[in-house]
Amino acid sequence: MIQQETKGFWPLIKLIPIKTNFSLMRFAAPLAIISAVLCIGSVGVTIFPFKPPCGGLACGVDFTGGTVMDVSTAPKAIDTGRIDAIVTAQGVTDVTVQGIGDDSTAQTAASIRFKVPDNVNGAEKNTEIQNVLRAQLGQVQFTRTEVVGPSVSGELFQKGLLALALGVGMMMTYIWFRFGRSFGVGAAAALIHDVLLTFGLFALTKMEFTLTAVAAILTIIGYSVNDTIVVLDRIRENLRKYKKMPMRELLDLSINETFSRTIMTGITGLMALTGLAVFGGEALYGFSIAMIFGIVVGTFSSFFIAAPMLMWLGVARGDEEAEVQILGPASKA
C-alpha cells in the first residue's frame, strides 16, 4: 500500500523562513556606530599595556617562551595554590597555575606555566620540578610537557603576525579584483571589523593566544569574506535589475533574499564548533570559541557593515559595472 506524502514539520530548518521581509537598514547607522566603538575598544585592550611581545593578549608559550606542564592528581582534587608555591620555590619565574575542567566540580588537573632562567638547563630543571611535585603531591601524572626557547618563540610570533598580515592582504587583493574598488570598500570594512573584534575577544577573556589562535583568525578571515561576497553579489545583481528602486529598499531586498542561506550556513557551523568546544579538550577550546565568535560577527558584518557602505557612499546604477560615487552637496540637492 502506497502512502501519500504529507506535509510535515521539518525540525530546525523550518525555524528559518524561506522568505523574509526584514527592514534591517533602518538599524544600520546605530549598529555601525556601536561596531566602530567596539573596534576601537578592541584595539585598545589588545595593545595595552604596551608590554612586548603581546601587549594585552595572554600569549601562550608559543610566543613568550618557557615551559608548559599539564599535571593530573585524579581522582583526588588538585590544589593549585600548593602547586604554585612548590614550583615557585624551585627558582623559576612567571609561574602560573590554572585549573583544567569545570569550576563547578572538583578539578583534578591543572596547567603549569613558568620560565626557566637563561643560565639554567631547561630540561634538567623541568625534570627536577616533576620529581619535586611527585614527592610532595604523591601520585601525579604529567600529561603534557612543552618547552619553547626565547629565540624560537620570537620567531614564531613574527611569523604568526606575518601570516595574519598576508591573509588579510591577500583577501583584500581578491576583493579588489572580484568587485573593484566600489563594493570592495564594504567588504574590506567588514573583514577588518571581524579581525579586530576577534583580537578583542582574546584580550578581554584572557584566552591563551597561540599559533592555534592565529589559525582560527585566518579561518575567520576566509569565512567572513565568503559570507560577505554572497550578500554583495546579490546586491550587484539587483542593482542591474532594479534601476529605479531606492537604495535602502534594494539593500533590504538583497539581504532578505540571502538571509535564510546565510543564517543556515552559520547555524551548521555553530553546531559543529559547539561540539568541538565541548568535547575537543583544552587544546581546541580557544580555537572553537574564536570560530563561534567569528561566525556570529562575520554574519553581522555582512548585513550591517558591508551592505550599508553602498548606501552611505552612493552607487551609480547603469548598464555598466556599478561603481561607488561619493555624493557631494550638489548631487544631494
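Please read these numbers as outputs of a predicted model, since none were measured by experiment. (Residues numbered from 1 in each chain as written. Predicted model: local features only at pLDDT ≥ 70, side-chain atom pairs only at ≥ 80, totals over all residues. Heavy atoms only, no water.)

Further remarks concern the overall build of the protein. Per the secondary structure count, the protein includes nine helices and eight strands. Put simply, the protein has 333 residues, and 42% of those count as buried. Pairs at least 24 apart in sequence give 72% of the contacts found in the protein among residues at least 6 apart. As displayed, the protein has an accessible area near 18400 Å², and 63% of this comes from carbon and sulfur atoms. (Helix = DSSP H or I, 4+ residues; strand = E, 2+ residues; numbered from the N terminus. Buried < 20%, exposed > 50% of the residue type's maximum accessible area, 1.4 Å probe, protein only. Contact = heavy atoms within 4.5 Å. Areas by Shrake-Rupley, 256 points an atom, 1.4 Å probe, with all protein chains shown as cover.)

Taken as a whole, this structure holds one disulfide when the rule is applied. A sulfur-sulfur distance of 1.6 Å marks the disulfide that ties Cys-54 to Cys-59. The sign of the -105 degrees torsion about the S-S bond sets the Cys-54-Cys-59 disulfide as left-handed. Judged by its relative accessible area of 8%, Cys-54 is buried. (Disulfide = S-S within 2.5 Å.)

Moving on, we get to the sheet that holds strand E4 (residues 109-115). Reading across the sheet, the four strands line up as E3-E4-E2-E5 and stay open at both edges, with antiparallel pairing between neighbours. The sheet is open, and its two borders are formed by strand E3 (93-100) and strand E5 (141-148), each paired with just one other strand. Averaged over neighbouring strand pairs, the angle between their axes works out to 15 degrees when direction is ignored. Set on the sheet, helix H3 (residues 80-88) makes contact with strand E2 (66-72), E3 and E4; between it and E3 the angle comes to about 155 degrees. (Pairing = 2+ DSSP bridges. Axes fitted to C-alpha atoms, helices over the stretch in contact; angles between N-to-C directions.)

Most of E4 is tucked away: five of the seven residues are buried. Judged from the six bridges that link them, E2 and E4 form a sheet pairing that is antiparallel. From the neighbouring strand, Asp-70 faces E4, where its bridge partner is Ser-111. Relative to E4, E3 runs antiparallel, the two being bridged by six bridges. From the neighbouring strand, Ile-100 faces E4, where its bridge partner is Ala-109.

Turning our attention to H3. Of the positions making up H3, those classed as buried are Ile-83, Ile-86 and Val-87. Across the axial projection of H3, the buried residues extend over an arc of 95 degrees, all falling on one side. Against the buried residues of H3 lie E2, E3, E4 and helix H4 (122-137). Capping of H3 at its N-terminal end is provided by Asp-79; its side-chain oxygen lies 3.3 Å from the backbone amide nitrogen of Gly-81. (Arc of directions from axis to C-beta. Polar contact = N/O pair within 3.5 Å; in protein donor to acceptor, adjacent residues only side chain to side chain.)

Model confidence for the protein is summarised by a mean pLDDT of 82, while 86% of its residues fall at 70 or above. Within the protein, the lowest mean pLDDT, 44, falls on helix H9 (residues 329-332), and the highest, 95, falls on helix H1 (residues 28-47). Predicted confidence for residues 1-10 stays below pLDDT 50, and this span has two contacts to residues more than four positions away or in other chains. Throughout residues 319-333 the model reports pLDDT below 50, and contacts reaching past four residues in sequence, or to other chains, amount to 27 contacts. (pLDDT = per-residue confidence, 0-100.)

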